[in-house]
Amino acid sequence: MAMGDYESVAPQLEGEENLIAAAKHLARALGSNKNLTKDVKKILADLGSQLSSMATIDDNMVEDGKSGIQEQLSVVQEKIMSWEADESMIWDSGPDEAVEYLNAADEARKLTERLENQCLNSEEEKELLRRAHDVLQMAMQRLEEEFKYMLVQHRQPFEPEHLSFRSSEDDAVDESSIVSFGDDSIEESTPQDSISRTSEEYIIDLVHPDVIPDLKGIANLMFMSNYDHECCQAYVIVRKDALDECLFNLEIEKLSIKDVLKMEWGSLNSKIKRWVRAMKVFVRPYLASEKWLCDQIFAELGSANLVCFVEAAKASMLQLLNFAEAISISSHQPEKLVRILDMYEVLADLLPDIDALFLDEAGSSVRIDYHEVLERLGDTVRATFVEFENAVASNASTNPFAGGGIHHLTRYVMNYLRLLADYKDTLNLLLKNHDGAAVSQISPDMSPATEEESMSRDFSGSCSPMALHFRSLTSILEANLYDKSKLYRDASLQHLFLMNNIHYMAQKVKNSELRLIFGDNWVRKHNWKFQQHAMDYERATWSSILSLLKDDGNSSSSSVSRTLLKERLRSFYVAFEEVYKTQTAWLIPDVQLREDLRISTSLKVIQAYRTFVGRQMSHIGEKHIKYNAEDLQDYLLDLFEGSQKSLHNPHRR
């Protein structure tokens, strides 16, 4: 207390003490003196009248106070009731009406608090308090309606397809890009879904900014009036509907885990793609904007902004997470691997956003569920990759692959590896504790140095977890191809088949980002492998045939020798025609490889034929020459087209 205040109060306190002392002295004197004079009696009568008058004034003041509250309450009630019969909305009637109503509601709150703080004894007083409560409740109910109406009426349109993100790209992927395991219709290359790693928080106005102050004013008054629960409930109901509508616009259906598990892959594939896109839009920017809206309205009201946001967003988030959980517990079909990686990456990318949005205790359940689903999807990626390796190893054939071309399994595996290369960082993270499994699955290869290849280190750092698994997978594929080659009875076709498939593998690695994973050493070794099979093909096909044209050094002057030469030439023609008939049906899909093998074969065959005919023409006779060298060279160009032909020689005599 200031010194001046103390000095002004001190005489008053001193006066009251003197008055009390005098009253006590008077009371004692009256008690001891029964005979009072006339003058004393008159003084005491005046004193009694004065005290009685003071008591009447106090009673009148109390009555006047109650009367004032009644009058004020009547004015407030009239204002509140005037809008009960009006079907229009207060805030649509202009700012003046809105301010007047808000002031009236605030006055009802203050009157109610005044009455609650008084000592009410009579029924009349208690009735006044009940009346004040009724008026306040009526006002709060109306404000709740106005609050919900403004949230709905002033919602801003949210159209995800028209949003422009500064650091994200179109993530559309052709539906045909991922197909069932072993299907040879898989696309040669498919871009990975783009996931923004550096996207800034993109806030949009979900409710028109002009009404935010009004919403904030209503919320503040409802909280001060102890109607905070009703206010939060109104907000949550409206915004939950808005969030549901957002998911609907993003084409996210409400599916149970059972529904997802029963779904065919074709349908599930498209739903996963929509889910990935929806997650990116829903969390960033929609949930971020939802949190901003909550903060604008409730930031001054304790933890209400946190609770309202979580309660509004929880159901939608759980709907999205339930879908991801269903995928994580579904069968580990290899064709799902890329899509599961897409899901994992978008969840990992948005993890900091989720942790920030649901940071507090109120959001802990959503945050924990999110982390658990992310972890389970990581486990599913690992399990699906192992299942992929097992599927390649166990892919058995009962019939040889027609024409010796590139087996659909080879195409599928190599194209799939190209797709998986886009997920290098994620796969290295998820497979880093599973390197031993990859090494243990490396099968003994029929060609040299497979295990050495799998473990070699080169400039590309190919001993990464992903590189180990990729090399393991290609080793498993090669072992499977060797088994499939044995289904051919013709040794030439066995080598042609292996040449085609290993060449395809080498080219896929050499001409893509896989080269950085496998390394140049792997490419060189596999180039050597397919070239070795090409030479083995030539030996198996032509060695015995060209041996018929070799000069054995014997004299050709005798009739027996001339007959033998003619027979050898005839046998060569028969064998050549058989090769032509058979190997025109064989296939080398790669144009350059086909031309290289034709040229190599032609050089050997035509040179041997010209040498033989040049030396032996005088002993054989022209009439026995069925084909000239140019004819044979042209016929060799028909090989490996995949369309069977037969020779009909116009020069035959």
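Bear in mind the structure is a predicted one, so any value in this text is a computation, not a measurement.

This brings us to the overall build of the protein chain. When its secondary structure is counted, the protein chain shows 22 helices and zero strands. Considering only contacts within the protein chain whose residues lie at least 6 apart along the sequence, 81% involve residues at least 24 apart. Summed over all atoms, the accessible surface of the protein chain reaches about 32,900 Å², with 51% contributed by carbon and sulfur.

Of all the bends in helix 8 (residues 265–298), the greatest, near 35°, is centred on phenylalanine 282, and the proline proline 285 appears no more than four residues after it. Within helix 8, 27 of the 34 residues are buried, which leaves the element mostly enclosed by the surrounding structure.

Attention now moves to helix 5 (residues 212–224). Taking 1.5 Å per residue, 13 residues should reach 18 Å; helix 5 reaches 18 Å between its end C-alpha atoms and fits that length. Backbone geometry just after helix 5 places asparagine 226 at a positive phi near 65°.

A word on unusual backbone geometry. Despite not being glycine, glutamate 251 has its phi angle at roughly 65°, a positive value. In this fold, glutamate 251 is placed in the loop between helix 6 (228–249) and helix 7 (257–261). Phi angles above zero are rare outside glycine, and phenylalanine 640 is one such case at about 70°. Note that phenylalanine 640 resides in the segment after helix 22 (629–636).

Now for the packing of helix 16 (residues 465–485) against helix 19 (residues 520–546). Think of two packed helices as two axes; the pair is described by the angle between the axes and how far apart they sit. One can describe the packing of helix 16 onto helix 19 by two numbers: an axis separation of 14 Å at closest approach and a directional angle of 5°. It follows that helix 16 is roughly parallel to helix 19 by the angle criterion. Counted together, Arg471, Thr474, Glu478 and Tyr482 of helix 16 and Trp522, His526, Lys529 and His533 of helix 19 form the full contact between these two elements. Each residue belonging to the contact of helix 16 with helix 19 can be placed in one class, and the counts come to two nonpolar, three polar and three charged.

Core analysis: the biggest nonpolar cluster contains 173 residues, and Phe147, Trp275, Phe298 and Tyr609 have the highest contact counts within it. The element best represented in this core is helix 8, accounting for 16 residues. In contact with phenylalanine 298, not counting residues within four places along its chain, are Phe147, Ala219, Phe223, Cys231, Tyr235, Ala304, Asn305 and Cys308.

Counted according to the given criterion, the structure contains zero disulfides. Between cysteine 232, a cysteine without a disulfide, and cysteine 308, which holds the nearest cysteine sulfur, the sulfur-to-sulfur distance is 3.3 Å. Free cysteine cysteine 294: the closest other cysteine sulfur is in cysteine 308, separated by 5.4 Å. On the basis of relative accessibility, which here comes to 0%, the residue cysteine 294 falls in the buried class.

Moving on, we come to the pattern of salt bridges. Summed over all chains, the structure comprises 29 salt bridges. Between lysine 291 and aspartate 295 there is a salt bridge; the shortest N-O distance is 3.3 Å. In this pair, lysine 291 and aspartate 295 both sit in helix 8, four residues apart, roughly one turn of the helix. Judged by its relative accessible area of 21%, aspartate 295 is partly exposed. The shortest N-O distance in the salt bridge between arginine 570 and glutamate 567 comes to 2.5 Å. In this pair, arginine 570 and glutamate 567 are both assigned in helix 20 (residues 559–583), three residues apart and thus about one turn of the helix distant. Assessed through its relative accessible area of 41%, arginine 570 is described here as partly exposed. By relative accessible area, glutamate 567 is classed as partly exposed at 38%. Counted as one network, the salt bridges with shared partners bring together Asp106, Arg109, Lys110 and Glu113.

Following the criterion strictly, the structure yields 23 aromatic pairs and no others. Through a chain of ring-to-ring contacts, three or more aromatic side chains come together here, namely Trp542, Phe572, Tyr573, Phe576, Tyr580, Tyr609, Tyr627 and Tyr635.

Okay, the confidence of the model for the protein chain next. Mean pLDDT over the protein chain: 82, with 77% of residues reaching 70 or higher. Looking at the elements of the protein chain, mean pLDDT is at its lowest for helix 15 (residues 450–455), recorded as 43, and at its highest for helix 17 (residues 491–510), recorded as 96. Here residues 164–179 is a poorly scored stretch, pLDDT under 50, and it has 46 contacts once near neighbours within four places are set aside; other chains count. Taken together, the stretch residues 436–462 has pLDDT below 50 and engages in 66 contacts with residues farther than four places along the chain or on a different chain.

With that settled, consider the environment of glutamine 296. Mapped onto the fold, glutamine 296 is located in helix 8. Once you skip the residues sitting within four places of it in the chain, glutamine 296 turns out to touch Ile212 and Lys216.

Attention now goes to the environment of methionine 617. Within the fold, methionine 617 resides in helix 21 (residues 591–620). Placed 52 residues apart in sequence, methionine 617 and leucine 565 show a C-alpha to C-alpha distance of 9.9 Å. Setting aside residues no more than four positions away along its own chain, methionine 617 makes contact with Glu622 and Ile625.

Below, the discussion takes up the side chain of lysine 484. Among the structural elements, lysine 484 can be located in helix 16. Among the polar contacts made by the side chain of lysine 484, one reaches the main-chain carbonyl oxygen of asparagine 395 at a distance of 2.8 Å.

Moving on, we come to the side chain of asparagine 500. By secondary structure assignment, the location of asparagine 500 is in helix 17. Under the relative-accessibility criterion, asparagine 500 is labelled buried at 2%. Here the side chain of asparagine 500 touches glycine 404 through a polar contact of 2.7 Å, landing on its backbone oxygen. Apart from residues no more than four positions distant in its own chain, asparagine 500 is found in contact with Gly404, Gly405, Ile406, Leu587, Ile588, Pro589 and Leu593.

Let's shift gears to the environment of methionine 89. With respect to the helices and strands, the residue methionine 89 is situated in the loop between helix 2 (38–82) and helix 3 (95–117). With a relative accessible area of 15%, methionine 89 lands in the buried category. Along the backbone, methionine 89 and glutamate 145 are 56 residues apart, and their C-alpha atoms lie at a distance of 8.8 Å.

The rules we used
Residues numbered from 1 in each chain as written. Predicted model: local features only at pLDDT ≥ 70, side-chain atom pairs only at ≥ 80, totals over all residues. Heavy atoms only, no water. Helix = DSSP H or I, 4+ residues; strand = E, 2+ residues; numbered from the N terminus. Contact = heavy atoms within 4.5 Å. Areas by Shrake-Rupley, 256 points an atom, 1.4 Å probe, with all protein chains shown as cover. Bend = angle between axes of the 7 residues up to and from the residue. Buried < 20%, exposed > 50% of the residue type's maximum accessible area, 1.4 Å probe, protein only. Expected span 1.5 Å × (residues − 1). Axes fitted to C-alpha atoms, helices over the stretch in contact; angles between N-to-C directions. Parallel < 35°, antiparallel > 145°, perpendicular 65-115°, else oblique. Nonpolar A, V, L, I, M, F, W, Y, C, P; charged D, E, K, R; others polar. Core = buried A, V, L, I, M, F, W, Y, C linked by side-chain atoms within 4.5 Å. Disulfide = S-S within 2.5 Å. Salt bridge = Lys/Arg side-chain N within 4 Å of Asp/Glu carboxyl O. Phe/Tyr/Trp six-rings, centres within 6.5 Å; stacked < 30°, edge-to-face > 60°. pLDDT = per-residue confidence, 0-100. Polar contact = N/O pair within 3.5 Å; in protein donor to acceptor, adjacent residues only side chain to side chain.

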